[in-house]
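# Summary of the model geometry
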Amino acid sequence: MSSTSFAAGVLQLHRHSILRRRLPASVVRTGCKYSRPVTDVPKQTSQTRGALRTLQSIAGHITTPKPPLHETPHAMTSTSIPLTPTGPVRPSLSSRVSMAMGSRSLEAGELRNTVPDEHLEEIEAIKRYEDFTTIDWVQDAARAQLRRRLKERQRHNGFWVRGRVAGWRRKLSEAYDAGQAWIVVSLIGTCIGLNAAFLNIITEWLSDIKRGHCTTAWYLNESFCCWGSEHGSCNEWKTWTSFGPANYIIYILFSVLFAFTAAILVKSFAPYAAGSGISEIKCIIAGFIMKGFLGWKTLLIKSIGLPLAIGSGLCVGKEGPSVHYAVCTGNVISRLFGKYRRNAAKMREILSACAAAGVAVAFGSPIGGVLFSLEEMAPHFPLKTMWRSYFCALVATAVLAAMNPFRTGQLVMFQVSYDRDWHFFEVVFFIALGIFGGLYGEFVIKWNLRAQAFRKRYLKQYAISEVVFLAAITAVICWWNAFLRIDMTEAMERLFRECEGGVDAHGLCEPSHRWRIIFSLCIACIIRLFLVIISYGCKVPAGIFVPSMAIGATFGRMVGILVQALHEAHPDSRFFAACSPDVPCITPGTYAFLGAAAALSGIMHITVSVVVIMFELTGALTYILPTMIVVGFTKAVTSRLAHGGIADRMIWFNGFPYLDSKGEHSFGIPISQIMISDLTVLVVSGNGMTLDEVEGMLKGNKFQGFPVVKDKAGKMLLGYLGRTELLYGLERARRERNHLPGRAKCLFTPPSEEGSGGLPHVPGTTVGTSAAPAAAGLMTSQASNSYSDTPTIDFSRFVDPTPLTVHPSLPLETVMEIFKKLGPRVILVEHRGRLCGLVTIKDCLAYQAKVENRDGGGFGRGVGEYVTGNGVEEGQEKLWEWIVWCVQWVSWKVLKVRRGPPSEAGSEIMLWSDDEGEDADADEVESGGEEGGVEMGVRRRESRVRVL
C-alpha cells in the first residue's frame with residue numbers, strides 16, 4: 001500500500017470517527033451501520049490534532065491517483081473508505097441540497113477538484129419551468145447554492161489564482177460580480193426613465209391632435225405650440241375646421257382610429273399587453289410562470305399601444321401599465337446577464353425593483369414607488385430588495401427629470417404645490433371624502449367584476465369590436481362636457497389648482513358660474529364612473545389609477561366649491577371662526593387633491609404608499625395629516641365592506657395560484673381534510689417500473705411531480721421526483737443511447753440501496769446494463785441477477801430524498817403559512833413514514849373559495865357573489881339579448897343586411913367575430929393555467945347564432 005493511500009485512509013478513518021461522535025443517539029436509524037448509540041468516544045487530544053495536521057500536510061503534497069470518469073464505482077480501490085454510512089440513511093437538509101443536484105462525489109469522501117460540464121447543463125435543463133406552473137422556491141434556493149459552490153470552485157483554478165494567492169483576475173471578477181446588480185439596476189432605471197418620457201410626449205400629442213393642430217409645427221401639442229402665450233390668446237393652435245359639427249365628427253374618428261390601432265396591435269402581436277398587468281405581475285413575483293408576459297414583444301406593443309389607448313379618450317390610465325412596461329424592461333435587460341437568467345430569486349429582486357421604478361416615473365414619486373412595491377407587489381421584500389428598488393426608482397426618476405418632457409420641471413403634468421394652511425373644522429369634510437373613497441372603490445370593484453364576467457362569457461370573440469364601440473361611445477358622450485373632453489391628467493391639473501395666482505380654466509374660480517360648474521362636475525363624475533366600470537379590462541393597455549384619481553378629484557373639487565359657497569354664505573358662523581377675514585379660508589383645489597388620494601386608496605386598498613405619493617406630488621408638509629386622515633377613513637370603509645383591492649380580486653377572479661400574505665384565515669380543520677389522497681406514485685421495490693410504464697404515466701396526467709414510494713401497499717415515502725426532472729432524464733437517456741426498449745427498468749434509488757454491495761452511489765445519469773457498458777462518461781448501473789440483461793435508467797440523482805412533509809393533523813392555516821413563507825410547489829403529507837397524500841396552493845385556494853363563498857365574506861363576497869349570485873347570470877343573459885337586438889336593428893336600418901324587421905320570429909342574427917383565432921396563451925392566462933384555476937362559476941360560452 002502506498003504512503004498516499006495510507007494517508008488518505010487514515011484521514012478518512014479520523015473523519016469517520018468524528019462523524020460518529022457527533023451523531024446523537026436520537027437520530028440513529030435502524031438501517032444504518034450505526035446500530036447502537038455511539039458513546040464513550042475519547043475527546044480529540046493535542047497529540048491527535050498534531051497527527052491530523054501532519055497527515056493533512058502529507059496528503060496535500062502527494063497527489064492521489066483517481067480513476068477515470070468512464071470507470072464504474074466498482075473500479076475504486078479497496079482502500080477508498082466512504083464518508084457516509086453505507087445503509088439507507090435519510091439525509092439531512094444540507095445533504096439534500098447536495099444529493100438532489102448531484103454536486104457531491106463520494107469518492108474518497110471529498111469533492112472533486114473539477115466539475116464536469118454536464119452538471120452545469122443539468123442544472124440549466126432542470127431549471128426550465130413550464131408555462132402556467134409555479135416556482136418551487138425551496139428547490140430554486142438549493143440550485144442557487146450549488147451554482148455558487150461550482151462558481152467558487154472554478155475560481156480556484158490556475159487562471160484565477162497565482163500560487164496560493166488570489167490574482168488580479170480573481171479580484172476583478174469578484175468586484176464585477178459584486179457590482180453587477182447595481183450595473184443592471186442602473187441600465188434598467190435609465191431605460192425606464194427614457195421610455196416614460198417618450199410615452200408622456202406621445203400621449204399628450206395624441207390627446208391634443210383630436211381637437212386641432214399646430215400651424216407652426218405639426219408635431220407639437222397644444223401646450224408646446226402655445227408656449228409663452230396667455231391663456232385663450234394662442235393663434236398658432238387651430239381647430240381642424242371652423243364648423244363645430246365637423247370638429248365633433250373628426251374628434252370621434254380620431255378616437256376610433258387610435259383605439260382600433262391599439263386593439264389590432266395587441267391582438268395580433270402581444271395579447272399579454274392588454275390590461276393593466278399589476279395582478280399578473282404580483283403572481284409572477286410570487287412564483288407563477290407566464291412565459292411571454294414580460295417578453296420584448298409585450299414591452300414593445302405595450303409602449304406603442306398605451307399612448308394610442310390614452311389618446312383615444314378611453315377612461316383608462318397609463319400609471320398602471322407603466323408598472324407592466326417597467327417590469328418588462330427589467331426582465332428583458334436582466335436576462336442578458338447569466339446571473340439573473342439562471343436564478344429566479346435574484347430575478348424576483350429585479351422585478352420588484354422595476355415595479356417600484358414604474359410607479360416612480362408614473363407619479364414622480366421615487367419613495368412612493370418603493371413603498372408601493374413593498375405594500376402591494378412583492379410578498380417577499382428583504383432589505384436588499386428595498387435598496388435595489390430605491391436605486392432603480394432613483395435612476396429612473398432622475399432620467400425622467402433630465403428629459404423634462406413637459407418643459408416645466410415637473411415629472412407629471414398634475415404636479416402641484418400648496419402654500420396655504422388648512423383648518424381643523426375642515427376635518428369633517430376630509431372624513432366625508434375618505435368615506436366617499438371607500439364607497440367608490442367597493443362600488444367600482446363590484447360592477448367592474450360583473451362587467452369582466454360578461455366580457456368573458458359573451459364578448460371574448462369580439463375584443464376589437466368592443467374596443468372600437470367603447471371609444472366611439474366615449475367620444476360621443478365626452479365631447480359635450482369640458483372636464484371629460486380633455487385628457488384626465490390635464491383635467492386633474494386644472495382641478496388641483498388654487499384660484500389665486502393660477503389660470504381660471506372653465507370658470508372654476510368665478511362665483512357667478514359656481515352652480516353651473518357644480519352641476520358640470522357632478523355629471524362628469526357620474527359619467528366617468530360608468531365609463532371606468534365598462535372600460536377597464538378591455539383588450540388594450542389600460543390602467544385604473546388615473547381614472548380613479550380623476551373621479552376623486554372631480555368629486556373633491558365639487559365638495560370644495562360647496563364648502564367655499566357655504567363659508568361665503570355664513571362668514572360669521574362659529575363653525576368658520578378659525579378663518580381670517582383678510583385671506584381666503586377655503587381652497588377647493590386641496591379638496592380635489594384629497595379626493596384623488598381617497599379614490600386611489602379605495603380602488604387599490606393601499607394606504608402608506610398613497611400618502612407618500614401624494615406628498616411627493618405636492619411637496620406640502622402641511623397636508624400630510626389631512627391625507628392620512630382621508631386615507632385612514634377610506635381604509636376603514638374598505639376593510640369593513642370587503643377584503644382586497646381590485647388587483648387582488650382580479651387575481652381571484654382569473655383563478656391564479658396566489659396566496660395573499662395580507663389575509664388572515666381561521667378554518668379550524670387539519671390538512672388531511674383537503675389533501676389529495678389518490679396519488680400517482682413511482683414504485684421502487686418488486687419489479688419496479690419499466691420505461692413504458694413511466695412514459696404512459698406521463699402521458700396519462702399533467703401532474704407536476706410524483707412521490708417515490710417503496711411499494712404501493714405500504715407507501716413508504718422515499719422521495720419526490722418533479723415532472724421536469726423526469727422528462728429531462730428520459731430525454732437525456734434517449735440522447736445518449738439511440739434505442740431504449742420499453743422493458744428498460746427505471747431506478748429511483750441509488751444502487752447502494754438496490755443491493756450493489758453497499759458501494760456509495762456516484763451521481764450521474766445512468767444508462768446501461770451489466771453486460772453492455774454505457775456510453776463514455778456515464779456510469780454503469782448493476783441490476784439484480786434476474787434482470788442482468790435488462791437495460792436500466794437511473795433517475796436517483798434527480799429524486800429529492802427529503803421533500804417537505806407535514807403531519808396529517810397539522811392545521812390548514814399553518815400549511816398556508818408554509819406556502820407563503822417558504823414557497824414550495826407541493827407539500828407531502830406523511831404519517832410515520834407512510835405517504836398519506838399531498839397538498840398544493842391550488843387545493844388551499846379551492847377550499848378557501850368554498851368557505852368564503854358559503855359564508856359570504858372576504859373574497860367570496862367580493863368575487864363569487866358579485867359574479868354569479870343574486871340573479872347576475874340571468875341579468876347578463878338579458879343584457880346580451882338586448883345588445884344582439886340592437887346590433888340587429890342597426891344592421892337592418894343602416895347597413896341594409898337584414899331580410900326583415902327585427903320583430904320577425906325565426907330571423908337570425910350574424911355577429912362578426914374578430915377573435916376567432918384567439919391566442920391560446922391569452923385564453924389560458926384568463927383561466928389561470930393548468931395549476932391556477934379556482935372555479936368561480938364563470939361559464940365561458942362560445943358565440944353562436946341566436947334566434948329571437
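Here we summarise the structure given alongside this text.

Calculation rules
- Residues numbered from 1 in each chain as written.
- Predicted model: local features only at pLDDT ≥ 70, side-chain atom pairs only at ≥ 80, totals over all residues.
- Heavy atoms only, no water.
- Disulfide = S-S within 2.5 Å.
- Helix = DSSP H or I, 4+ residues; strand = E, 2+ residues; numbered from the N terminus.
- Buried < 20%, exposed > 50% of the residue type's maximum accessible area, 1.4 Å probe, protein only.
- Axes fitted to C-alpha atoms, helices over the stretch in contact; angles between N-to-C directions.
- Left-handed = near helix turned anticlockwise from the far one by under 90°.
- Contact = heavy atoms within 4.5 Å.
- Nonpolar A, V, L, I, M, F, W, Y, C, P; charged D, E, K, R; others polar.
- Pairing = 2+ DSSP bridges.
- Salt bridge = Lys/Arg side-chain N within 4 Å of Asp/Glu carboxyl O.

## Description of the state of the cysteines
Enumeration over the complete set of coordinates arrives at 2 disulfides. The disulfide bridge from C214 ends at C225, spanning 2.1 Å between sulfur atoms. Taking the sign of the torsion about the S-S bond as the criterion, the disulfide between C214 and C225, at about 80 degrees, is right-handed. With C214 in strand β3 (residues 213–214) and C225 in helix α7 (residues 222–225), this pair connects stretches of sequence that are 11 residues apart. By the burial criterion, C214 is buried, and C225 matches it. Shown here is the disulfide that connects C579 with C585, its sulfur atoms set 1.7 Å apart. On the basis of relative accessibility, which here comes to 13%, the residue C579 falls in the buried class. Here C585 falls in the buried class, since its relative accessible area comes to 5%.

## A word on the packing of helix α23 (residues 608–618) against helix α24 (residues 624–641)
Taken N-terminus to C-terminus, the directions of α23 and α24 make an angle of 145 degrees; their axes are 10 Å apart at the nearest point. Regarding α23 and α24, the two cross each other, and that crossing is right-handed. Counting all contacts with α23, which are made through V610, V611, M614 and F615, the residues of α24 involved are I624, T627, M628 and V631. Each residue belonging to the contact of α23 with α24 can be placed in one class, and the counts come to 7 nonpolar, 1 polar and no charged.

## With respect to the sheet that holds strand β14 (residues 834–840)
The sheet built from 3 strands is open, its strands ordered β12-β13-β14 with mixed pairing. Every other strand in the sheet has two partners, leaving β12 (805–806) and β14 as the edge strands with one partner each. Across 6 bridges, the pairing between strand β13 (residues 826–831) and β14 is antiparallel. If you follow V829 over to β14, its bridge partner there is G837.

## Quick word on the pattern of salt bridges
Side chains that differ in sign of charge can pair as their charged atoms come close. Taken as a whole and judged by the stated rule, the model has 13 salt bridges. Linking K821 and E817 is a salt bridge whose minimum nitrogen-to-oxygen distance equals 2.6 Å. Here the residue K821 and the residue E817 both occupy positions in helix α28 (residues 812–822), the gap between them amounting to 4 residues, near one helical turn. Since its relative accessible area comes to 61%, K821 is described here as exposed. Given the relative accessible area of 33%, E817 is considered partly exposed. The structure contains a network of salt bridges with shared partners spanning D208, R211 and E222.

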